[in-house]
Each structure stands twice: as C-alpha cells, then as structure tokens.
Amino acid sequence: MSEQPVQPEAPVDPPPMRTLGEVRAALAAGLGFPGDLARLEAELAATLNRVDFTDLREVSELIAAYRGHVLTRCAPDFEASLDEGVELARSLKLENPR
C-alpha cells in the first residue's frame, strides 16, 4: 500500500486544473481527500477499458469529479463546515444514545 501524502492545511489556493495531468498533480500534492489519487487511477483505468474510444464523456465526468474534490478541499470554509458537521453529529448522538 502506498503512503498517503499529508493533507495541507486548508484553505489553499487550488492550482489550475485544466488537464488530467494537472488534476493528478493536485491529488498527488494532497489537495484532495485521502486516497483520491489511487481511486482516480483505478476508476480511470476501469472506465477507459469499458467505454468506446469515440465517447469519452464518462472519462471527462470522472476527471471533473476529482477536480471538484480538490476545489471542495481547498474551499476557505471547508474545515469549519466539517468541524460543524462533526459537532452536530456528536450532539445528536449524545441526545439520543442507543
């Protein structure tokens, strides 16, 4: 299993991601979610092996989805929103223990 890059502290300015190579570089730099680069590579390989070479719409959608992961992770309010969600879940669990 490969070592996961350390996630940089958000927010950071997302790099330009106009190509697959740029999206890969952003994920390799740890700007996505843990495991994103490996998942992108696996999904990309599976999709390329399945779709017709004249219709790469699914490939484009896949790349756009992982680009979205980087943009989400780099959003200025991402960490605060994540913390808020965790705190809300914790408070709901304390109110209704099972």
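The rules we used
- Residues numbered from 1 in each chain as written.
- Predicted model: local features only at pLDDT ≥ 70, side-chain atom pairs only at ≥ 80, totals over all residues.
- Heavy atoms only, no water.
- Helix = DSSP H or I, 4+ residues; strand = E, 2+ residues; numbered from the N terminus.
- pLDDT = per-residue confidence, 0-100.
- Axes fitted to C-alpha atoms, helices over the stretch in contact; angles between N-to-C directions.
- Parallel < 35°, antiparallel > 145°, perpendicular 65-115°, else oblique.
- Contact = heavy atoms within 4.5 Å.
- Nonpolar A, V, L, I, M, F, W, Y, C, P; charged D, E, K, R; others polar.
- Expected span 1.5 Å × (residues − 1).
- Buried < 20%, exposed > 50% of the residue type's maximum accessible area, 1.4 Å probe, protein only.
- Arc of directions from axis to C-beta.

Now for the environment of Arg 39. Topologically, Arg 39 is positioned in helix α2 (residues 36-50). Distance in space between the C-alpha atoms of Arg 39 and Tyr 66 is 9.4 Å, their sequence separation being 27 residues.

A separate point is the confidence of the model for the chain. For the chain, per-residue confidence averages 87 on the pLDDT scale, and 89% of positions sit at 70 or higher. For the chain, helix α4 (residues 78-95) is the element with the lowest average pLDDT, namely 86, and α2 is the one with the highest, namely 97.

The subject of this paragraph is the packing of α2 against helix α3 (residues 57-74). In the contact formed by α2 and α3, the axes pass within 10 Å of each other and the chain directions differ by 170°. By the angle between their axes, α2 is roughly antiparallel relative to α3. Along its contact with α2, which presents Asp 36, Arg 39, Leu 40, Glu 43, Leu 44, Thr 47, Leu 48 and Arg 50, the element α3 presents Glu 58, Val 59, Leu 62, Tyr 66 and His 69. Its residues placed into classes, the contact of α2 with α3 shows six nonpolar, two polar and five charged.

Right, let's get into α2. Counted at 1.5 Å a residue, the expected span for α2 with its 15 residues is 21 Å, and the 21 Å between its end C-alpha atoms agrees. Listed in full, the buried residues belonging to α2 are Asp 36, Leu 40, Leu 44 and Thr 47. Buried positions in α2, seen along its axis, are confined to an arc of 70° and lie on one side of it. Summarising the geometry of α2, the exposed residues directed more than 90 degrees from the buried face are Asn 49 and Arg 50. Looking at the packing, one finds that the buried side of α2 touches α1 (20-28) and α3.

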